[in-house]
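Below are the chains, spelled out letter by letter.
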Amino acid sequence: MNVPVPLIPDNAPFTPEQRAWLNGFFAGAFSRTAGAPAAVAAPQALAPLTILFGSQTGTAENLAKKVAKEAGKRGFAPMILDMAQTDLAKLGAEKNLLIITSTYGDGEPPDNAKALHTALKAAIEPSALSPQLSAVRYSVCSLGDTNYAQFCQCGKDLDAWFEKLGATRITPRTDCDLDYDAAFIAWLDAALKALGTGPASVTGGGDPGPGSASPATAEETGYSKKNPFPAPVLTVRNLNGAGSAKEVNHVEFSLEGSGLAYEAGDALGVIPHNCPAQVGEVLTALGCDGEEAVPTPAGELPLRRALTECFDLGKPSAELIAFVGGALRPDAAPESGHKAPPTLNATPHHVIDVLLAAPAKPSPAEFVAKLKKIQPRLYSISSSPKAHTGQVHLTVGAVRYDKDGRARKGVCSTFLAERALAAGKVGVFVHSNKAFRPPVNSDLPMIMVGPGTGIAPFRAFLAERRATNAKGKNWLFFGDQKSSCDFLYQDELRELQTAGYLARLDVAFSRDQAEKIYVQHRMLEHAVELYAWLESGAHFYVCGDASRMAKDVDAALHQVIQQAGNKSPEEAAAYVQALKAAKRYARDVY
Ligand SMILES: Cc1cc2nc3c(=O)[nH]c(=O)nc-3n(C[C@H](O)[C@H](O)[C@H](O)COP(=O)(O)OP(=O)(O)OC[C@H]3O[C@@H](n4cnc5c(N)ncnc54)[C@H](O)[C@@H]3O)c2cc1C
Ligand SMILES: NC(=O)c1ccc[n+]([C@@H]2O[C@H](COP(=O)([O-])OP(=O)(O)OC[C@H]3O[C@@H](n4cnc5c(N)ncnc54)[C@H](OP(=O)(O)O)[C@@H]3O)[C@@H](O)[C@H]2O)c1
Ligand SMILES: Cc1cc2nc3c(=O)[nH]c(=O)nc-3n(C[C@H](O)[C@H](O)[C@H](O)COP(=O)(O)O)c2cc1C
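Each chain carries its own residue numbering, running from 1 in the written order of its sequence. Chains carry letters from A onward and ligands carry numbers from 1 onward, assigned in written order. Side-chain atom pairs in this predicted model are given and counted only at pLDDT of 80 or more, local residue features only at pLDDT of at least 70, and totals for whole chains, interfaces and linings cover all residues. The basis for the side-chain values is all heavy atoms of the structure; hydrogens and waters are excluded.

I keep staring at the overall build of the chain and nothing clicks. Help me out?
Each helix corresponds to a stretch of at least 4 residues labelled H or I by DSSP, and each strand to a stretch of at least 2 residues labelled E; elements are numbered beginning at the N terminus. Across its full length, the chain carries 22 helices and 21 strands. For each residue, the accessible area found with a 1.4 Å probe, counting protein chains only, is set against the maximum for its type, and the residue is called buried under 20%, exposed over 50%, and partly exposed in between. Across the 590 residues that make up the chain, the buried fraction comes to 52%. Contacts were defined at the residue level, with two residues in contact if any of their heavy atoms lie within 4.5 Å. Look at the contacts in the chain between residues 6 or more apart in sequence, and 75% of them connect residues 24 or more apart. Per-residue and other accessible areas follow the Shrake-Rupley method at a 1.4 Å probe size, with only the shown protein chains counted as cover for residues. Element-wise, carbon and sulfur atoms account for 54% of the exposed surface of the chain, whose accessible area totals about 25100 Å².

Take a look at the structure:
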């Protein structure tokens, strides 16, 4: 029997530390006893294990729960710890520590890991260096994406710095790409074995044998990333008006009968299919008709279907580039007198660019063996289950651009825009993000900064506040290019204002005038009031572009606090840090 692990509700009267400890304890206890916590030995009889996570969008946090569950089966008393809730001194008292962290920005830590990352970095300065963590045994699992130059940098930093501070690495760090399952399971199994197990009486019975770490929880029992729900597509509607340079689609799916539950602030994972025209180009470049059978993670499939459903035709893998490099060696060069082959661009953008530059074409099986698996894309959910029963909505910006003389398009955003309705059903799963939620105390004000598609979760938050008749005031900063055609959900927002659920709506249309006006300019114009809202307990949220907007909004927030709160830059930084520590400053940026 698979009994769900009980979780302490976010609004239960516990501190974050207490809640983390209890959640870890229950995860461990339930995994050992299949739902009979009364039979569990007292936690102090078990080997202590702290699972420290750094997470921006919930993946590492979800994996931390899986670690707790598996560790519980193996005789540990696991405690899940948010990096924002600890510091160097507290970590020094840990005995067994498993660390899971993602990387954001350009090799930066996720928001909840920033303070700890900064503290560790300062502690390894030669002038400060001391073996502060010498009692700690640890191992790091870092989550990342090989499409980023600074792959898994935060995990690499923490791994190196813990060692410098005297901690003992019990197993080597594992760096996970987006397809992290196998690497994560192998890391977890090795790390738990290296840490050893607790008393045999606790771990006995139906415990898994060596090498059988199986972190699946709800994933085994229902629809999940591994088993996506084929959701009927109800609507795909362009939100832009005539004259817009943007293409943002409102997409609605039915979740009826799926058993899937989500909360405002969660994201939806979408399983895309590649564009048939792009698959056709690849087939032509390979000289194939698409009927050739090739091995795939889903078994043997015809090449056309494999390229449509299973493999990533975007950024080429290092293996594919290396293979073509081999093909370009002199012994593989075309016979003299033939036209010189196109040379491989230093950084081929897509798989097709590599194929077009390759003088010797790989066989279909060789080719697919060098492709990465197609990955789901995450979208911030723009509906509330309390207001949009049985449905889930997204707000999706279509990615289209030209590069190296070729029209390019984003896989998933254009799959949703062009083919999802015709497909009828699309594979989806819920990706929970507990760090991004409306305030538990619904009387508290919310300030939301969400330009462009960044408005998505705030449509959900506002719908939720309305459905629950929450009393807290709501303030939205929205921006996009032109008011005439890019004011996403304008009618809904105006109606929310009229109904009293949106106390303030400040908009910044960047291309309505000669100079750029952005959301952060509006924040600064209203600094005094914004600061007053913060002082009255408001939660501050940012969603949308990570590379420029979120950084500028963060800088503007500091400026608002300096100006309106009459604070020095250092005091403003401390104020912002306190907001983050109190979980009153949350970002969902991409
Ligand atoms: C937690 C989270 C929430 C998100 N929420 C939303 C949301 O609510 N709405 C939304 O629209 N998106 C959202 N995204 C982004 C979304 O997941 C996808 O990344 C986005 O839709 C693009 O995916 P795609 O498959 O269409 O493009 P892909 O095929 O993945 O292509 C995107 C890639 O193309 C390249 N690229 C794009 N533009 C250019 C250019 N001009 N020049 C050169 N290269 C370029 C970049 O390498 C980029 O990474 C979210 C992401 C995360 C992580
Ligand atoms: N990681 C990915 O794969 C991926 C995929 C898709 C989208 N994205 C990100 O998601 C973002 C959202 O796209 P979107 O089209 O909905 O909106 P957007 O590009 O963020 O544009 C929304 C508004 O923000 C403005 N803006 C530009 N720079 C800004 C800044 N530094 N500070 C504040 N506002 C700024 C834009 O103005 P102007 O346009 O006039 O400058 C526009 O008015 C994209 O920018 C992109 O970075 C990421
Ligand atoms: C905006 C953005 C920036 C990212 N930057 C990096 C990066 O610099 N290096 C890296 O290895 N991964 C990067 N990633 C990938 C994440 O680390 C990866 O998706 C991870 O699984 C997310 O885990 P989380 O949900 O726990 O935060 C980035 C992802 C996003 C959306």
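What is the right way to read the site of ligand 2 from this model?
A single heavy atom is enough: if one lies within 4 Å of a molecule or strand, its residue is considered near that molecule or strand. Near ligand 2 there are 17 residues, and of these Thr-453, Ser-510, Arg-511, Lys-516 and Asp-545 occur at the shortest range. Pairs of N or O atoms within 3.5 Å make up the polar contacts considered here, provided that, within protein, one atom can donate a hydrogen while the other can accept it, and that residues adjacent in sequence are counted only when both atoms are side-chain atoms. Contacts to ligand 2 include Ser-510, whose side-chain N or O atom sits 2.7 Å from an oxygen atom. Arg-511 is positioned with one of its side-chain polar atoms (N or O) 2.7 Å from an oxygen atom of ligand 2. Compared with its free state, where it exposes 880 Å², ligand 2 has 74% of that area covered by protein. Secondary structure elements with two or more residues in the shell around ligand 2: strand 18 (474–480) and helix 21 (549–565).

When you look at the sheet that holds strand 18 in this model, what are you seeing that I'm missing?
Within a sheet, adjacent strands bond to each other through the backbone by hydrogen bonds, running parallel or antiparallel. Strand order in this open sheet of five strands is 19-18-17-20-21, and the pairing throughout is parallel. Looking along the sheet, the strands with just one partner apiece sit at the ends: strand 19 (504–509) and strand 21 (585–589). Mean inter-strand twist for the sheet, computed between neighbouring axes without regard to direction, equals 10°. Judged from the four bridges that link them, strand 17 (residues 446–449) and strand 20 (residues 539–544) form a sheet pairing that is parallel. Looking at the pairing, Val-449 lines up with Val-542 of strand 20. Structural elements are reduced to axes, namely lines fitted to C-alpha atoms, with helices fitted over the stretch in contact, and the angle between N-to-C directions of any two is expressed from 0 to 180 degrees. Contacts between helix 20 (residues 527–535) and the sheet are confined to strand 17, strand 18, strand 19 and strand 20, with strand 18 contributing the most and set at about 135° to the helix. Strands in contact with helix 21 are strand 17, strand 20 and strand 21; relative to strand 20, the strand with the most contacts, it is inclined by about 155°. Any two strands with at least two DSSP-identified bridges between them are counted as paired.

Got a minute to help me understand the sheet that holds strand 9 (residues 267–270) in this structure?
Strand order in the open sheet made by the six strands is 12-9-16-7-8-13, with antiparallel pairing throughout. In this open sheet, the two edge strands, each paired with only one partner strand, are strand 12 (377–380) and strand 13 (391–397). Strand-to-strand, the axes of this sheet are offset by a mean angle of 40°, without reference to chain direction. Judged from the four bridges that link them, strand 9 and strand 16 (residues 425–431) form a sheet pairing that is antiparallel. Along strand 16, the bridge assignment pairs Gly-269 with Phe-429. On the sheet, helix 14 (residues 411–418) packs against strand 7 (229–238), strand 8 (248–254), strand 9, strand 12, strand 13 and strand 16 and is oriented at approximately 65° with respect to strand 12.

Sorry, what's going on with helix 4 (residues 114–123) here?
The α-helix advances 3.6 residues per turn, and as a result positions three or four apart in sequence lie on the same side. Taken as a whole, helix 4 has its buried residues at Leu-116, His-117, Leu-120 and Ala-123. The arc enclosing the buried residues of helix 4, seen along the axis, measures out at 130°, which places them on a common side. Note that the arc is defined by the directions from the helix axis to the C-beta atoms.

What is the right way to read the site of ligand 3 from this model?
Every one of the 22 residues lining ligand 3 counts as a neighbour, but Ser-55, Thr-57, Thr-59, Thr-103 and Cys-152 are closest to it. Here Thr-59 contributes a side-chain N or O atom positioned 2.7 Å from an oxygen atom of ligand 3. A distance of 3.0 Å separates a nitrogen atom of ligand 3 from a polar atom in the backbone of Gln-150. With the chains in place, 90% of the 650 Å² that ligand 3 exposes on its own is no longer accessible.

Sorry, what's going on with the packing of aromatic side chains here?
Aromatic rings considered in pairs are described by the distance between their centres and by the relative angle of their planes. Only centres within 6.5 Å qualify two rings of Phe, Tyr or Trp (six-membered ring in Trp) as a pair; their planes then separate them into stacked at under 30 degrees, edge-to-face at over 60, and tilted for everything else. Throughout the structure, instances matching the rule amount to 16 aromatic pairs. Ring geometry for Phe-436 versus Phe-458: centroids 6.0 Å apart, planes at 40°, classification tilted. With a gap of 22 residues between them, Phe-436 in the loop between strand 16 and strand 17 and Phe-458 in helix 16 (residues 456–467) connect regions that are remote in the sequence. For the pair formed by Phe-436 and Phe-458, the shared burial category is buried. Aromatic pair Phe-461 and Tyr-541: ring centres 5.1 Å apart, planes at 85°, arrangement edge-to-face. With Phe-461 in helix 16 and Tyr-541 in strand 20, this residue pair connects regions lying 80 residues apart in the sequence. Considered together, Phe-461 and Tyr-541 belong to a single accessibility category, that of buried residues.

What should I look at first to understand the pattern of salt bridges in this one?
Pairing between side chains of opposite charge can happen when their charged atoms approach one another. What makes a salt bridge here is a side-chain nitrogen of Lys or Arg within 4 Å of a carboxyl oxygen of Asp or Glu, nothing more. Taken as a whole and judged by the stated rule, the model has 29 salt bridges. Here Arg-169 ties to Glu-163 by a salt bridge, and the two come within 3.2 Å at their closest N and O atoms. Glu-163 sits in the partly exposed class, given a relative accessible area of 43%. Between Arg-400 and Glu-247 there is a salt bridge, with the nearest N and O atoms lying 2.9 Å from each other. Remark: Glu-247 occurs in the loop between strand 7 and strand 8 and Arg-400 occurs in strand 14 (residues 400–403); sequence separation between them is 153 residues. In this structure Arg-400 comes out as partly exposed when scored by relative accessible area, which is 39%. Each of Glu-70, Lys-73, Arg-74, Asp-189 and Lys-193 takes part in one network of salt bridges that share partners.

So what exactly am I meant to see when it comes to the packing of helix 20 against helix 21 here?
When two helices pack together, their arrangement is given by the angle between the helix axes and the distance between those axes. Where helix 20 meets helix 21, the axes come as close as 9 Å, and the angle between the chain directions of the two elements is 95°. By the angle between their axes, helix 20 is roughly perpendicular relative to helix 21. Contacts from Ala-527, Val-528, Leu-530, Tyr-531 and Leu-534 in helix 20 reach Leu-557, Val-560, Ile-561, Gln-563, Ala-564 and Gly-565 in helix 21. Each residue is assigned to one class: nonpolar for Ala, Val, Leu, Ile, Met, Phe, Trp, Tyr, Cys and Pro, charged for Asp, Glu, Lys and Arg, and polar for all the others, Gly among them. Taken together, the residues of the contact of helix 20 with helix 21 break down into nine nonpolar, two polar and no charged. An angle below 35 degrees is read as roughly parallel, one above 145 as roughly antiparallel, one from 65 to 115 as roughly perpendicular, and any other as oblique.

Which parts of the structure should I look at to understand the nonpolar core?
Grouped burial of nonpolar side chains is what soluble globular proteins tend to show. Among buried residues, those of type Ala, Val, Leu, Ile, Met, Phe, Trp, Tyr and Cys that are joined through side-chain atoms within 4.5 Å constitute a nonpolar core. Core analysis: the biggest nonpolar cluster contains 29 residues, and Ile-447, Met-523, Leu-530, Leu-534, Phe-540, Val-542 and Leu-557 have the highest contact counts within it. Looking at which element gives the most residues to this core, the answer is helix 21, with seven residues. In this view, Leu-557 contacts Met-523, Leu-530, Leu-534, Phe-540, Val-576 and Tyr-585; residues no more than four positions away in its chain are not counted.

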